[in-house]
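Remarks on the overall topology
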Amino acid sequence: MINYQGEPDYEHGSAERLGVLLLNLGTPDEPTRPALRRYLKQFLSDPRVIEIPAWKWWPILNGIVLNTRPQKSAEAYKTIWNHHGDGAPLLTIARAQQKGLQERLEHQMAGPVSVALGMRYGNPSVASAMHELREAGARRMLVFPLYPQYAGATTASTFDAVFQELLTWRWMPELRTVNQYHRDPGYLDALANSIREHFDEHGQPEKLILSYHGEPKRYLLGGDPYHCQCHVTSRLVAERLGLSEDQYMTTFQSRFGPEEWLKPYTDETLKALPAQGVKHVAVICPGFSADCLETIEEIGDENREYFEEAGGEIYHYIPALNERDDHLDALARIVRQHTQGWVEHSEYDAVEDRRERDLVHKNALAMGAER
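This is a predicted model, so every value here is computed, not measured.

Remarks on unusual backbone geometry
Following Asn123, the chain continues to Pro124 via a peptide bond in cis, the omega torsion being -5 degrees. Note that Pro124 resides in the loop between β2 (113–122) and α4 (126–135). For the bond from Lys263 to Pro264, the omega torsion is 0 degrees, close enough to zero to count as cis. Looking at the element boundaries, Pro264 is found in the loop between β6 (248–253) and α9 (266–272). Phi at Ser254 takes a positive value of approximately 65 degrees, unusual for a residue other than glycine. For Ser254, the location among the structural elements is in the loop between β6 and α9. By relative accessible area, which is 17% here, Ser254 ends up buried. In this structure, Asn322 takes a positive phi of about 45 degrees despite not being glycine.

Below is the structure:
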(Lines give C-alpha, C1' and ligand atoms only; values in the text may rest on other atoms or scores of the structure.)
Protein backbone atom coordinates (compact mmCIF):
# COMPACT_ATOMS: atom_id res chain seq x y z
CA MET A 1 0.00 0.00 0.00
CA ILE A 2 1.34 3.42 -0.98
CA ASN A 3 1.51 6.01 1.77
CA TYR A 4 0.51 9.09 -0.21
CA GLN A 5 2.35 12.24 0.79
CA GLY A 6 0.02 14.85 2.22
CA GLU A 7 0.74 18.45 3.11
CA PRO A 8 0.05 18.75 6.85
CA ASP A 9 0.54 22.50 6.90
CA TYR A 10 -1.46 23.14 3.73
CA GLU A 11 -4.03 25.90 4.01
CA HIS A 12 -7.06 25.16 1.85
CA GLY A 13 -7.93 28.09 -0.37
CA SER A 14 -4.38 29.41 -0.47
CA ALA A 15 -3.24 31.24 -3.59
CA GLU A 16 -1.55 29.19 -6.30
CA ARG A 17 1.45 29.89 -8.50
CA LEU A 18 3.17 28.49 -11.55
CA GLY A 19 6.15 26.24 -10.95
CA VAL A 20 8.99 25.75 -13.44
CA LEU A 21 10.97 22.58 -12.80
CA LEU A 22 14.38 23.24 -14.35
CA LEU A 23 16.29 19.96 -14.73
CA ASN A 24 19.69 18.75 -15.90
CA LEU A 25 21.73 15.56 -15.77
CA GLY A 26 23.64 16.03 -12.52
CA THR A 27 27.07 15.91 -10.95
CA PRO A 28 28.76 14.17 -8.00
CA ASP A 29 28.68 15.92 -4.63
CA GLU A 30 32.48 16.14 -4.55
CA PRO A 31 35.44 14.93 -6.65
CA THR A 32 36.19 11.85 -4.56
CA ARG A 33 36.04 8.14 -5.24
CA PRO A 34 33.12 7.45 -2.81
CA ALA A 35 31.09 10.35 -4.24
CA LEU A 36 31.76 9.22 -7.81
CA ARG A 37 30.83 5.67 -6.95
CA ARG A 38 27.44 6.81 -5.59
CA TYR A 39 26.84 9.05 -8.59
CA LEU A 40 27.89 6.50 -11.21
CA LYS A 41 25.86 3.75 -9.59
CA GLN A 42 22.71 5.87 -9.78
CA PHE A 43 23.49 7.00 -13.32
CA LEU A 44 24.52 3.64 -14.76
CA SER A 45 21.67 1.78 -13.03
CA ASP A 46 19.14 3.74 -15.06
CA PRO A 47 17.61 1.33 -17.63
CA ARG A 48 17.07 4.29 -19.97
CA VAL A 49 20.83 4.89 -20.04
CA ILE A 50 21.97 1.28 -20.24
CA GLU A 51 19.45 -0.72 -22.26
CA ILE A 52 20.91 -4.09 -21.34
CA PRO A 53 19.02 -6.77 -19.37
CA ALA A 54 19.74 -6.38 -15.65
CA TRP A 55 20.94 -9.96 -15.28
CA LYS A 56 23.66 -9.24 -17.83
CA TRP A 57 24.55 -5.65 -16.87
CA TRP A 58 24.53 -5.75 -13.06
CA PRO A 59 27.50 -8.14 -12.66
CA ILE A 60 29.50 -5.91 -15.02
CA LEU A 61 28.43 -2.71 -13.27
CA ASN A 62 29.03 -3.89 -9.70
CA GLY A 63 31.92 -6.24 -10.36
CA ILE A 64 33.98 -4.17 -12.79
CA VAL A 65 32.75 -0.64 -13.57
CA LEU A 66 32.12 0.55 -10.01
CA ASN A 67 35.43 -0.88 -8.85
CA THR A 68 37.53 0.79 -11.54
CA ARG A 69 35.87 3.87 -12.98
CA PRO A 70 35.13 5.98 -9.84
CA GLN A 71 38.80 6.71 -9.09
CA LYS A 72 39.56 7.68 -12.67
CA SER A 73 36.46 9.86 -12.87
CA ALA A 74 37.29 11.50 -9.53
CA GLU A 75 40.70 12.53 -10.84
CA ALA A 76 39.08 14.02 -13.94
CA TYR A 77 36.54 15.95 -11.86
CA LYS A 78 39.32 17.39 -9.69
CA THR A 79 40.79 19.11 -12.75
CA ILE A 80 37.55 21.02 -13.45
CA TRP A 81 35.97 21.32 -10.01
CA ASN A 82 36.31 25.09 -9.60
CA HIS A 83 36.46 25.85 -13.31
CA HIS A 84 33.31 27.97 -13.29
CA GLY A 85 33.01 29.11 -9.69
CA ASP A 86 32.93 27.20 -6.43
CA GLY A 87 32.34 23.49 -6.98
CA ALA A 88 31.08 21.47 -9.92
CA PRO A 89 30.75 23.64 -13.05
CA LEU A 90 27.43 22.18 -14.17
CA LEU A 91 25.78 22.85 -10.80
CA THR A 92 27.28 26.32 -10.46
CA ILE A 93 26.09 27.27 -13.93
CA ALA A 94 22.69 25.67 -13.40
CA ARG A 95 22.10 27.77 -10.29
CA ALA A 96 23.00 30.90 -12.26
CA GLN A 97 20.54 29.80 -14.96
CA GLN A 98 17.86 29.24 -12.33
CA LYS A 99 18.41 32.71 -10.89
CA GLY A 100 18.45 34.40 -14.29
CA LEU A 101 15.31 32.60 -15.43
CA GLN A 102 13.49 33.44 -12.19
CA GLU A 103 14.31 37.13 -12.59
CA ARG A 104 13.11 37.20 -16.19
CA LEU A 105 9.86 35.36 -15.53
CA GLU A 106 8.98 37.57 -12.58
CA HIS A 107 9.00 40.53 -14.96
CA GLN A 108 7.40 38.78 -17.92
CA MET A 109 4.64 36.57 -16.48
CA ALA A 110 1.17 37.76 -15.54
CA GLY A 111 1.09 35.77 -12.30
CA PRO A 112 3.41 34.50 -9.55
CA VAL A 113 6.05 31.99 -10.63
CA SER A 114 8.77 29.94 -8.93
CA VAL A 115 11.74 28.23 -10.61
CA ALA A 116 13.30 25.22 -8.86
CA LEU A 117 16.43 23.33 -9.87
CA GLY A 118 16.78 19.56 -9.84
CA MET A 119 19.27 16.99 -11.14
CA ARG A 120 18.34 13.60 -12.57
CA TYR A 121 21.30 12.05 -10.73
CA GLY A 122 22.88 13.44 -7.58
CA ASN A 123 21.82 16.60 -5.79
CA PRO A 124 19.65 18.62 -5.67
CA SER A 125 17.36 15.75 -6.59
CA VAL A 126 14.32 15.93 -8.83
CA ALA A 127 12.14 15.08 -5.83
CA SER A 128 13.59 17.90 -3.70
CA ALA A 129 12.96 20.44 -6.47
CA MET A 130 9.37 19.24 -6.83
CA HIS A 131 8.83 19.51 -3.08
CA GLU A 132 10.22 23.06 -3.21
CA LEU A 133 7.64 24.01 -5.84
CA ARG A 134 4.81 22.31 -3.97
CA GLU A 135 5.68 24.17 -0.78
CA ALA A 136 5.65 27.41 -2.78
CA GLY A 137 2.05 26.68 -3.81
CA ALA A 138 2.65 25.50 -7.38
CA ARG A 139 -0.38 23.55 -8.65
CA ARG A 140 0.76 23.82 -12.22
CA MET A 141 4.28 22.69 -13.13
CA LEU A 142 6.24 22.97 -16.35
CA VAL A 143 8.85 20.21 -16.50
CA PHE A 144 11.79 21.71 -18.38
CA PRO A 145 14.80 19.41 -18.95
CA LEU A 146 17.67 21.45 -20.39
CA TYR A 147 18.28 19.02 -23.24
CA PRO A 148 17.66 20.79 -26.57
CA GLN A 149 17.54 17.49 -28.47
CA TYR A 150 15.20 14.76 -27.22
CA ALA A 151 16.73 11.42 -26.26
CA GLY A 152 15.25 8.57 -24.30
CA ALA A 153 18.39 8.34 -22.15
CA THR A 154 18.14 12.00 -21.06
CA THR A 155 14.74 13.62 -21.59
CA ALA A 156 12.59 10.53 -21.09
CA SER A 157 14.66 9.42 -18.10
CA THR A 158 14.08 12.81 -16.49
CA PHE A 159 10.33 12.46 -17.01
CA ASP A 160 10.54 9.00 -15.43
CA ALA A 161 11.96 10.56 -12.25
CA VAL A 162 9.21 13.20 -12.16
CA PHE A 163 6.41 10.69 -12.62
CA GLN A 164 7.97 8.27 -10.12
CA GLU A 165 7.88 11.00 -7.48
CA LEU A 166 4.28 11.87 -8.34
CA LEU A 167 3.20 8.28 -7.69
CA THR A 168 3.25 9.14 -3.97
CA TRP A 169 1.60 12.58 -4.08
CA ARG A 170 -1.93 13.00 -2.79
CA TRP A 171 -2.68 16.11 -4.89
CA MET A 172 -0.89 15.88 -8.21
CA PRO A 173 -0.20 19.14 -10.04
CA GLU A 174 -1.29 19.90 -13.57
CA LEU A 175 1.74 19.14 -15.76
CA ARG A 176 3.20 20.23 -19.05
CA THR A 177 6.57 19.17 -20.43
CA VAL A 178 9.20 20.60 -22.74
CA ASN A 179 10.24 17.57 -24.78
CA GLN A 180 12.81 19.34 -26.94
CA TYR A 181 13.75 22.76 -28.29
CA HIS A 182 16.36 21.84 -30.89
CA ARG A 183 14.95 24.24 -33.49
CA ASP A 184 13.77 27.05 -31.22
CA PRO A 185 14.77 30.36 -32.89
CA GLY A 186 16.04 31.94 -29.67
CA TYR A 187 18.21 28.92 -28.84
CA LEU A 188 19.59 28.81 -32.39
CA ASP A 189 20.26 32.56 -32.38
CA ALA A 190 22.16 32.27 -29.08
CA LEU A 191 24.32 29.47 -30.52
CA ALA A 192 25.01 31.46 -33.67
CA ASN A 193 25.81 34.58 -31.64
CA SER A 194 28.31 32.72 -29.47
CA ILE A 195 30.04 31.22 -32.51
CA ARG A 196 30.09 34.52 -34.38
CA GLU A 197 31.62 36.26 -31.37
CA HIS A 198 34.30 33.59 -31.18
CA PHE A 199 35.08 33.93 -34.89
CA ASP A 200 35.37 37.70 -34.51
CA GLU A 201 37.92 37.27 -31.71
CA HIS A 202 39.91 34.25 -32.91
CA GLY A 203 39.31 34.10 -36.64
CA GLN A 204 37.10 31.72 -38.60
CA PRO A 205 38.39 28.12 -38.57
CA GLU A 206 38.73 25.90 -41.58
CA LYS A 207 36.16 23.61 -39.99
CA LEU A 208 33.49 24.15 -37.32
CA ILE A 209 32.78 20.92 -35.43
CA LEU A 210 29.37 20.66 -33.77
CA SER A 211 29.86 17.79 -31.32
CA TYR A 212 26.94 16.16 -29.51
CA HIS A 213 26.90 13.50 -26.82
CA GLY A 214 26.69 10.11 -28.48
CA GLU A 215 24.35 7.16 -27.96
CA PRO A 216 24.33 3.57 -29.24
CA LYS A 217 23.31 3.29 -32.89
CA ARG A 218 20.60 0.77 -31.96
CA TYR A 219 18.77 3.54 -30.06
CA LEU A 220 18.46 5.42 -33.36
CA LEU A 221 17.31 2.26 -35.15
CA GLY A 222 14.79 1.74 -32.36
CA GLY A 223 13.12 5.09 -33.08
CA ASP A 224 14.96 7.63 -30.93
CA PRO A 225 14.84 11.03 -32.75
CA TYR A 226 18.03 12.38 -31.15
CA HIS A 227 20.37 11.83 -34.12
CA CYS A 228 18.02 13.60 -36.52
CA GLN A 229 17.43 16.52 -34.17
CA CYS A 230 21.17 17.05 -33.73
CA HIS A 231 21.60 17.35 -37.48
CA VAL A 232 18.67 19.76 -37.70
CA THR A 233 20.28 22.00 -35.05
CA SER A 234 23.62 21.93 -36.87
CA ARG A 235 22.07 22.81 -40.23
CA LEU A 236 20.00 25.69 -38.85
CA VAL A 237 22.98 27.14 -36.96
CA ALA A 238 25.17 26.85 -40.07
CA GLU A 239 22.51 28.66 -42.11
CA ARG A 240 22.51 31.52 -39.61
CA LEU A 241 26.29 31.76 -39.93
CA GLY A 242 26.30 31.48 -43.71
CA LEU A 243 28.49 28.37 -43.66
CA SER A 244 28.68 26.00 -46.61
CA GLU A 245 28.40 22.24 -46.11
CA ASP A 246 32.17 21.77 -46.26
CA GLN A 247 32.79 24.39 -43.55
CA TYR A 248 31.09 22.49 -40.72
CA MET A 249 30.29 18.96 -39.63
CA THR A 250 28.30 17.12 -36.96
CA THR A 251 30.06 14.56 -34.76
CA PHE A 252 29.32 12.54 -31.62
CA GLN A 253 31.41 12.18 -28.46
CA SER A 254 31.63 10.25 -25.18
CA ARG A 255 30.96 6.71 -26.40
CA PHE A 256 31.06 3.96 -23.80
CA GLY A 257 31.41 0.21 -24.26
CA PRO A 258 32.24 -1.96 -27.30
CA GLU A 259 29.10 -1.56 -29.45
CA GLU A 260 28.73 0.86 -32.36
CA TRP A 261 27.54 4.36 -31.46
CA LEU A 262 26.39 7.27 -33.58
CA LYS A 263 29.04 8.32 -36.10
CA PRO A 264 31.24 10.07 -36.97
CA TYR A 265 33.04 9.96 -33.62
CA THR A 266 34.42 13.31 -32.47
CA ASP A 267 37.79 11.98 -31.32
CA GLU A 268 38.42 9.94 -34.47
CA THR A 269 37.40 12.91 -36.61
CA LEU A 270 39.86 15.24 -34.89
CA LYS A 271 42.64 12.69 -35.26
CA ALA A 272 41.97 12.45 -39.00
CA LEU A 273 41.41 16.08 -40.00
CA PRO A 274 45.07 17.26 -40.00
CA ALA A 275 45.98 14.61 -42.59
CA GLN A 276 43.18 16.01 -44.76
CA GLY A 277 44.76 19.45 -44.62
CA VAL A 278 42.52 20.90 -41.88
CA LYS A 279 44.82 22.53 -39.34
CA HIS A 280 42.46 25.05 -37.68
CA VAL A 281 39.21 23.92 -35.99
CA ALA A 282 36.68 25.22 -33.50
CA VAL A 283 34.45 22.84 -31.56
CA ILE A 284 31.11 23.63 -29.94
CA CYS A 285 28.72 21.29 -28.10
CA PRO A 286 25.14 22.49 -28.87
CA GLY A 287 23.50 19.67 -26.91
CA PHE A 288 24.96 20.87 -23.59
CA SER A 289 23.16 23.81 -21.98
CA ALA A 290 25.96 24.10 -19.39
CA ASP A 291 29.63 23.22 -19.39
CA CYS A 292 30.57 20.06 -17.52
CA LEU A 293 33.18 17.29 -17.48
CA GLU A 294 32.32 16.16 -21.01
CA THR A 295 32.85 19.61 -22.49
CA ILE A 296 35.64 21.08 -20.37
CA GLU A 297 37.86 18.03 -19.96
CA GLU A 298 36.92 15.74 -22.85
CA ILE A 299 36.43 18.34 -25.58
CA GLY A 300 38.48 21.21 -24.19
CA ASP A 301 41.56 19.18 -23.24
CA GLU A 302 41.55 15.53 -24.34
CA ASN A 303 40.37 16.09 -27.91
CA ARG A 304 42.65 19.10 -28.26
CA GLU A 305 45.57 16.76 -27.62
CA TYR A 306 44.33 14.30 -30.25
CA PHE A 307 44.11 17.07 -32.83
CA GLU A 308 47.50 18.60 -32.05
CA GLU A 309 49.28 15.24 -31.85
CA ALA A 310 47.92 14.45 -35.32
CA GLY A 311 49.40 17.66 -36.72
CA GLY A 312 46.66 20.19 -36.06
CA GLU A 313 47.80 23.72 -35.30
CA ILE A 314 44.90 25.81 -33.94
CA TYR A 315 42.15 24.31 -31.75
CA HIS A 316 39.45 26.21 -29.91
CA TYR A 317 36.57 25.00 -27.75
CA ILE A 318 33.62 27.40 -27.83
CA PRO A 319 31.92 27.30 -24.39
CA ALA A 320 28.34 26.15 -23.86
CA LEU A 321 25.65 28.81 -23.70
CA ASN A 322 25.67 28.63 -19.89
CA GLU A 323 24.21 31.85 -18.38
CA ARG A 324 24.53 34.05 -21.47
CA ASP A 325 21.77 36.67 -21.59
CA ASP A 326 20.51 35.55 -25.00
CA HIS A 327 20.40 31.96 -23.77
CA LEU A 328 18.37 32.86 -20.68
CA ASP A 329 16.10 35.05 -22.80
CA ALA A 330 15.46 32.04 -25.04
CA LEU A 331 14.69 29.77 -22.08
CA ALA A 332 12.25 32.35 -20.68
CA ARG A 333 10.50 32.57 -24.05
CA ILE A 334 10.19 28.77 -24.18
CA VAL A 335 8.58 28.81 -20.72
CA ARG A 336 6.08 31.45 -21.81
CA GLN A 337 5.21 29.48 -24.94
CA HIS A 338 4.58 26.28 -22.98
CA THR A 339 2.51 27.92 -20.24
CA GLN A 340 0.08 29.90 -22.39
CA GLY A 341 -3.33 29.97 -20.78
CA TRP A 342 -2.03 29.07 -17.34
CA VAL A 343 -1.26 32.59 -16.15
CA GLU A 344 -3.30 34.74 -18.52
CA HIS A 345 -6.58 35.04 -16.61
CA SER A 346 -9.38 37.44 -17.41
CA GLU A 347 -10.71 39.72 -14.65
CA TYR A 348 -13.76 37.45 -14.37
CA ASP A 349 -11.58 34.33 -13.95
CA ALA A 350 -9.55 36.05 -11.24
CA VAL A 351 -12.69 36.95 -9.27
CA GLU A 352 -14.09 33.44 -9.60
CA ASP A 353 -10.78 31.90 -8.57
CA ARG A 354 -10.77 34.02 -5.42
CA ARG A 355 -14.37 33.05 -4.60
CA GLU A 356 -13.56 29.38 -5.06
CA ARG A 357 -10.50 29.61 -2.79
CA ASP A 358 -12.53 31.41 -0.13
CA LEU A 359 -15.23 28.72 -0.27
CA VAL A 360 -12.70 25.89 -0.03
CA HIS A 361 -11.00 27.59 2.90
CA LYS A 362 -14.33 28.10 4.67
CA ASN A 363 -15.35 24.46 4.17
CA ALA A 364 -11.96 23.24 5.41
CA LEU A 365 -12.31 25.30 8.58
CA ALA A 366 -15.80 23.92 9.12
CA MET A 367 -14.61 20.34 8.74
CA GLY A 368 -11.83 21.02 11.20
CA ALA A 369 -14.31 22.38 13.73
CA GLU A 370 -16.48 19.28 13.37
CA ARG A 371 -13.52 17.08 14.25
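Text resumes after the structure shown.
Here's the deal with the sheet that holds strand β4 (residues 174–177)
With parallel pairing, four strands are arranged side by side in an open sheet as β2-β1-β3-β4. Looking along the sheet, the strands with just one partner apiece sit at the ends: β2 and β4. Across the sheet, the axes of successive neighbouring strands diverge by a mean angle of 25 degrees, strand direction being ignored. Alignment of strand β3 (residues 138–145) against β4, held across four bridges, turns out to be parallel. Looking at β4, one finds that Val143 is bridged to Thr177.

Calculation notes
Residues numbered from 1 in each chain as written. Predicted model: local features only at pLDDT ≥ 70, side-chain atom pairs only at ≥ 80, totals over all residues. Heavy atoms only, no water. Helix = DSSP H or I, 4+ residues; strand = E, 2+ residues; numbered from the N terminus. Buried < 20%, exposed > 50% of the residue type's maximum accessible area, 1.4 Å probe, protein only. Pairing = 2+ DSSP bridges. Axes fitted to C-alpha atoms, helices over the stretch in contact; angles between N-to-C directions.

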